[in-house]
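Chain by chain, the residues run as shown.
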Amino acid sequence: MNTEAATIEKIIARVKEYNPSVDHERIMRAYNLCVEAHGDQLRNSGEPYYIHPLEVSYILADMELDADTVIVGLLHDVIEDTPYGYEKLKNEFGEQVAYLVEGVTKLDKIKSTSREEAQVENLRKMILAMAKDIRVILVKLADRLHNMRTMKFMSEEKQREKSHETLEVYAPLAHRLGISTIKGELEDLSIKYLDSVGYYEIVEGLKHKKGEREEYVNLIKETLGHKLEDMNIHAHISGRAKHIYSIYRKMYSQGKTLDEIYDLFAVRIIVDSVAECYSALGMVHELYKPIPGRFKDYIAMPKPNMYQSLHTTLIGPTGQPFEVQIRTWEMHKVAEQGVAAHWKYKEGISGETAQDEKLAWVRQLLEVQSEATDSEDFMKSLKIDLFADEVFVFTPRGDVVSLPLGATPIDFAFYIHTAVGYKMVGAKANSRIVPLDYQLKNGDIVEIITTGHVKGPSRDWLNIVKTAQARSKINAWFKKENREVNIERGKEAVEREIKKLNLNPHDLLKNEYIEPMIRRYGFNTLEDAYSAVGYGGITAVKLAIRLREYASADLDIVIEDKIPTAPEQQKKSSRPSNGIEVEGVDNCLVRLSKCCNPVPGDDIIGFITRGRGVSVHRASCVNVREDKLDDESRARRIRCMWAEGVSQRYHGEMQIECADRKGILADIASVVSENQINIVSAVSHAPKVKVAIITLQVEISSREQMNNLIKKLYRVPGIFDIRS
């Protein structure tokens, strides 16, 4: 990490180190435009705004990226925050720079109805950007890194929000691109704001033992150095403490204190050739006793992010475990810089390269996101594909295939080829027949048994597969096979929801409203949208509400015409029960569902039960989502709304994920009490050591009151996440 302030002179000097022929005058022109464009703009810290793009540009130069990308670092906020547009940048610096700046700018322009939808939309745009030009994401990562470095000037709420997003999205993305230097720093900075108590406990602990640790590392380095000299192997040996976040995760997952974690550091040996890597490994295993099961050969089986190295954990001279990593200089560069290490734009290379093959997973993600319409499912599948732990298996020919942990033979089949998945009738692992839900293990040799004709997948496979790629291919099969039925079913469902909005389907289903709606959800035609509703890809409620939104300006008069007179309104709506009115039903039993605990301010939907009146759920509740119900159950959904002017207390529920430390429940109760809110119940359990889940039920009057309470609870040290 560069701790000194970046200057344009430092940036140019750094670029010249790896690209002596660079046109430094062009970089200087970009800097002058950056300073002029941002003018008197200031950051939250009070410093001139242009300091931020300067720092972003230096991070990119430190990754040894091409001159265009370094220039984009200087200009990445120009289109968004200043009068300078695309054409100006294109004329000054060429189409590549203008295109990349515009690409970074588009990632920030996200309109959505919720934080979750914003995050999903952000990821969709990043995947599209990666497929077109990976440099857009490299600039975005550098931008996020500098913002995290200066997060102390943001509000506490913003610190938590950005840190959570960084830990969930940006750090794993940096990992998938193989950029370990950025990944490690993003993780450490995130946990600093999400759990400052835990963070500084580790920092202070490491500082306290620094002298003792350095003495131990130096002893090992000296011993290894002498042995390598005797073997005529020229090597660079270094020792480093593990990242704070890595230690933090180990402490909480294993329920240990810092004193109980021994492998706090790793020794790295960098040599000139692959043969010397394995020679050095043999020497290390002769010197120190290896711990069984802790050896990984990422040279023979590289990670999907191109990482290669030998890892082994050993017992040191005093009985303390430590890790050794052995790699070549080329592998080390890839480990630190990932996708940026072999940048084809450096040499002006065009066309397909080996680098493009390494990014095949981006194309797979692009394929998945283009077919996904439901934000929740997309996010879930993306986190598995992009961020999960990996399992390495072999084809019968010996090729290595990397899949997420928990993947099945079905995932393997669709990874090999879509046709293999469609023809699949069984599978073998290590020459033995295994069930289709068998979870693949490292080293398995997997063989898919196929039939001579296309058999097609089973719907049950959707409950088994782990990868989004397999899921999307299975869904694609059913979309194609049952398209006519799905279209008819979807059309009926959408028209039914439009009627529930007191509108006429004929008024909303016009081209001027349909076209923006299908564009919004990525469909080509209205039939595609109906088909997606029919097979459960999107809910009819979403389409109906979106159509009403696009038609609202034109249909004001029509909507007014459809509003019943006062006597009719009284007749068509129930008397408020639990503060809720049910459309078209008079004086019925209404109860709030305990599965999702809706409170005033939540969007709600009613469900007509058998013999127990109307059960009211949040509109997003999985138990009443239209795509999760059969035709009969869909017809039992009924529109309802919170009655105005009804003052009642409701039971709101939240799940708090926190450190399992002494006194945390008392701290939470204190915050609730200070806000004059009554606790109805509190149930705690520990799914992982040192991590607790507290389910808290409180008495509140509105969603706003609940949200205010959650904001204040986030200030309690040790709280990681709150869901309500």
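These figures come from a predicted structure and were not determined experimentally.

Glancing now at the overall build of the chain. Looking only at helices and strands, the chain has 31 helices and 21 strands in total. Within the chain, the proportion of its 724 residues that are buried is 49%. Looking at the chain alone, contacts between residues at least 24 apart form 65% of all its contacts between residues at least 6 apart. Surface summary for the chain: the accessible area is close to 34,900 Å², and the carbon and sulfur share equals 48%.

Another point: the environment of methionine 63. Mapped onto the fold, methionine 63 is located in the loop between α3 (51–62) and α4 (67–75). Overall, methionine 63 belongs to the buried group, its relative accessible area being 5%. Residues methionine 63 and threonine 181 lie 118 residues apart in sequence; the distance between their C-alpha atoms is 9.5 Å.

Another point: the sheet that holds strand β10 (residues 432–434). Strand order in the open sheet made by the 3 strands is β10-β9-β11, with antiparallel pairing throughout. At either end of the open sheet lies a strand with only one pairing partner, and these are β10 and β11 (446–450). Going across the sheet, the axis of each strand differs from the next one's by a mean of 40°, ignoring polarity. Direction of pairing for strand β9 (residues 424–429) relative to β10: antiparallel, over a ladder of 3 bridges. Among the inter-strand pairings, lysine 428 is bridged to a residue of β10, identified as isoleucine 433.

For the rest of this paragraph, the subject is the packing of helix α20 (residues 409–416) against helix α22 (residues 468–481). Relative orientation of the contacting elements α20 and α22 amounts to 80°, with a least axis distance of 9 Å. On the basis of the axis angle, α20 is roughly perpendicular to α22. Contacts from Ile410, Asp411, Phe414 and Tyr415 of α20 reach α22 at Gln469, Ala470, Lys473 and Ile474. Class assignment of the residues belonging to the contact of α20 with α22 gives a composition of 5 nonpolar, 1 polar and 2 charged.

Positioned with a positive phi, serine 431 is a non-glycine residue whose angle comes to about 70°. Relative to the assigned elements, serine 431 resides in the loop between β9 and β10. Even without being glycine, asparagine 502 reaches a positive phi, approximately 65°. In this structure, asparagine 502 sits in the loop between α23 (483–500) and α24 (505–508).

In this section: the nonpolar core. Among the nonpolar cores identified, the biggest contains 62 residues, and Met63, Leu75 and Leu89 are the most heavily contacted of them. With 8 residues, helix α9 (residues 135–149) is the single largest residue contributor to this core.

A few words now on the sheet that holds strand β15 (residues 614–618). The strand order across the open sheet formed by 4 strands is β13-β15-β14-β16, and the pairing between neighbours is mixed. Of all the strands in the sheet, the pair left with one neighbour each is β13 (590–592) and β16 (637–638). Two elements, strand β14 (residues 604–608) and β16, share 2 bridges in a ladder whose sense is antiparallel. What sits directly across from phenylalanine 607, in β16, is arginine 637.

Turning next to the pairing of strand β21 (residues 719–723). Where burial is concerned, most of β21 is hidden: 4 out of the 5 residues are buried. Pairing analysis gives 4 bridges linking strand β18 (residues 650–659) to β21, with the strands arranged antiparallel. Residue pairing for β21: cysteine 658 is matched across the bridge by isoleucine 719.

Per the counting criterion, the structure on display carries 7 aromatic pairs. One aromatic cluster is present, formed by Phe414, Tyr422 and Trp477 through successive ring pairs.

It is worth spelling out the side chain of asparagine 486 at this point. Structurally, the position occupied by asparagine 486 is in helix α23. Leave out the neighbours within four places in its chain, and asparagine 486 touches Phe478, Lys479, Tyr530, Ser531, Gly534 and Tyr535.

Right, let's talk about the pairing of strand β7 (residues 390–394) for a bit. Across 5 bridges, the pairing between β7 and strand β8 (residues 400–404) is antiparallel. Looking across to β8, one finds that valine 393 is bridged to valine 401. Between the antiparallel neighbours β7 and β8 lie 5 residues, among them glycine 398 with a positive phi of about 95°.

As a further point, take the pattern of salt bridges. Using the criterion set out here, one finds 16 salt bridges in the structure. The partner of glutamate 165 in a salt bridge is arginine 144, with the nearest N and O atoms 2.9 Å apart. Here arginine 144 lies in helix α9 and glutamate 165 lies in helix α10 (residues 156–176), a separation of 21 residues in the sequence. Glutamate 204 serves as the salt-bridge partner of lysine 207, at 3.6 Å between the closest nitrogen and oxygen. Note that lysine 207 and glutamate 204 are positioned in helix α12 (residues 196–208) at a spacing of 3 residues, about one turn of the helix. When its relative accessible area of 44% is taken as the criterion, glutamate 204 is described as partly exposed. Salt bridges sharing partners connect three or more residues here, namely Arg14, Glu17, Asp62, Glu64 and Lys333.

With that settled, consider the environment of histidine 164. Note on placement: histidine 164 falls in helix α10. Residue class for histidine 164 comes out buried when judged on its relative accessible area of 14%.

Mapped onto the elements, threonine 539 comes out in the loop between α26 (526–535) and α27 (540–562). Assessed through its relative accessible area of 11%, threonine 539 is described here as buried. There is a polar contact of 3.3 Å between the side chain of threonine 539 and the backbone nitrogen of lysine 542.

Glancing now at the confidence of the model for the chain. Reading predicted coordinates in detail is not appropriate for stretches of low pLDDT. With 82% of its residues at a pLDDT of 70 or more, the chain has an overall mean of 79. Per-residue pLDDT stays below 50 along residues 110–114; that stretch engages in 6 contacts with residues further than four places along the chain or on separate chains. Residue range residues 557–575 is modelled with pLDDT below 50. Its contacts to residues more than four positions away, or to other chains, number 26 contacts.

Remark: helix α2 (residues 24–38) packs on helix α6 (residues 86–93), axes separated minimally by 11 Å, with the N-to-C direction vectors making an angle of 155°. In terms of orientation, α2 and α6 fall into the roughly antiparallel class. Between α2 and α6 lies a crossing of right-handed hand. Only Lys88, Leu89, Glu92 and Phe93 of α6 make contact with α2, whose side of the interface consists of Arg26, Arg29, Ala30 and Leu33. Of the residues belonging to the contact of α2 with α6, the class tally is 4 nonpolar, no polar and 4 charged.

To continue, consider α23. The end-to-end C-alpha distance of α23, which contains 18 residues, comes to 26 Å, matching closely the 26 Å that a straight helix rising 1.5 Å per residue would cover. For α23, the complete set of buried residues consists of Asn486, Ile487, Gly490, Ala493, Val494, Glu497, Ile498 and Lys500. Take α23 and look down its axis: the buried residues cluster within an arc of 150°, on one side only. Across α23 from its buried face, at more than 90 degrees, point the exposed residues Glu484 and Lys499. Residue asparagine 502 follows α23 closely and has a positive phi angle near 65°.

Tracing the sequence through the fold places asparagine 597 in the loop between β13 and β14. By relative accessible area, asparagine 597 is classed as buried at 8%. The contacts of asparagine 597, once residues within four sequence positions are left out, are Asp602, Arg618, His651, Glu653 and Gln697.

Here is what the cut-offs are and how they apply
Residues numbered from 1 in each chain as written. Predicted model: local features only at pLDDT ≥ 70, side-chain atom pairs only at ≥ 80, totals over all residues. Heavy atoms only, no water. Helix = DSSP H or I, 4+ residues; strand = E, 2+ residues; numbered from the N terminus. Buried < 20%, exposed > 50% of the residue type's maximum accessible area, 1.4 Å probe, protein only. Contact = heavy atoms within 4.5 Å. Areas by Shrake-Rupley, 256 points an atom, 1.4 Å probe, with all protein chains shown as cover. Pairing = 2+ DSSP bridges. Axes fitted to C-alpha atoms, helices over the stretch in contact; angles between N-to-C directions. Parallel < 35°, antiparallel > 145°, perpendicular 65-115°, else oblique. Nonpolar A, V, L, I, M, F, W, Y, C, P; charged D, E, K, R; others polar. Core = buried A, V, L, I, M, F, W, Y, C linked by side-chain atoms within 4.5 Å. Phe/Tyr/Trp six-rings, centres within 6.5 Å; stacked < 30°, edge-to-face > 60°. Salt bridge = Lys/Arg side-chain N within 4 Å of Asp/Glu carboxyl O. Polar contact = N/O pair within 3.5 Å; in protein donor to acceptor, adjacent residues only side chain to side chain. pLDDT = per-residue confidence, 0-100. Left-handed = near helix turned anticlockwise from the far one by under 90°. Expected span 1.5 Å × (residues − 1). Arc of directions from axis to C-beta.

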